[in-house]
Amino acid sequence: FDKFDMGKIGTGEGAQAYGHGLYLAENPATARTYSADRAYVGAAMQGKPLAINYDDPAWIAQKTIEELGDPAKATAHLQMVQRTAGKYQPPETKAAVQGALDLIASGGVAPKGSLYKVDLPDEHIAKMLDWDKPLSQQPQMLQQNIYNSMVDAGFDKPLVNHILNNKTGSELLNELAGRLSVRNPSPQSGNAQASEFLRNAGVPGIRYLDAGSRTGGARTSNFVVFDDKLPKIIGRE
């Protein structure tokens, strides 16, 4: 593909745990963990959403390769599962794991997906909600935009002040998701409503430290972008 499409959100495996948007990684190594085989969700990405069958050999094979990085490591892991847990598994699960091993051995797992290099302008990153920081420590303009939007939407001023003075970025998202889903029952999830609310408030997305940075590694971030027009694809490998 040559551009992003917010309409595809929800057709894959992602839980949208950090907000409803497009997920980008600052660290190329983090991004590469997501370029593993995506054939299982390929049909969904073509507009035919599928429920995940966790006993599907294809899903097991592809997910294990994705997590461990290559077919050899995935094979070793699944063989270990068969040795140590096989006797405790129901027959259908044991058969599914063996089916995954057979798929990997036969080369029946599709090639990896592409890794895209994307330009996300600094001016938009500067306006993003920081997932971990208290809101009181985030840019004044961001705080003001959120305050104005929440008050305009009918939230009580004391509540808004309490949130801005005591909550983190993640807690704000959860507050909005819960309150908006109650106020506006719809097929759209509270998470999606919260992200849309923030986008309309002038917040283009969320930034959060990647897993490596959370455990003491380099301070690199992942980004959740609320508008598919902001990131521009500038390369693919």
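Anything mentioned here points back to the structure above.
The rules behind each value
Residues numbered from 1 in each chain as written. Predicted model: local features only at pLDDT ≥ 70, side-chain atom pairs only at ≥ 80, totals over all residues. Heavy atoms only, no water. Helix = DSSP H or I, 4+ residues; strand = E, 2+ residues; numbered from the N terminus. Expected span 1.5 Å × (residues − 1). Buried < 20%, exposed > 50% of the residue type's maximum accessible area, 1.4 Å probe, protein only. Arc of directions from axis to C-beta. Contact = heavy atoms within 4.5 Å. Polar contact = N/O pair within 3.5 Å; in protein donor to acceptor, adjacent residues only side chain to side chain. Salt bridge = Lys/Arg side-chain N within 4 Å of Asp/Glu carboxyl O.

Some details on helix α4 (residues 71-85)
- Helix length check: α4 (15 residues) gives 20 Å between terminal C-alpha atoms against 21 Å at 1.5 Å per residue, within 8%.
- Within the sequence span of α4, burial applies to Ala74, Leu78, Val81 and Gln82. In a view along the axis of α4, the buried residues occupy a sector of 95 degrees, so they form one face of it. In α4, the exposed residues that point more than 90 degrees away from the buried face are Ala72, Lys73 and Arg83.
- For α4, the elements touching its buried residues are α3 (57-68) and α5 (91-106).
- Regarding α4, its N-cap is Asp70, as a side-chain oxygen of that residue lies 3.0 Å from the backbone nitrogen of Ala72 further along.

Looking at the pattern of salt bridges
- One pass over the structure, following the stated rule, counts 3 salt bridges.
- Lys229 is paired through a salt bridge with Asp228; the nearest N and O atoms lie 3.2 Å apart.
- Accessibility expressed as a relative area gives 58% for Lys229, which makes it exposed.
- A single network of salt bridges, built from pairs that share partners, joins Lys167, Glu175 and Arg179.

Distances and angles like these do not, on their own, reveal function.
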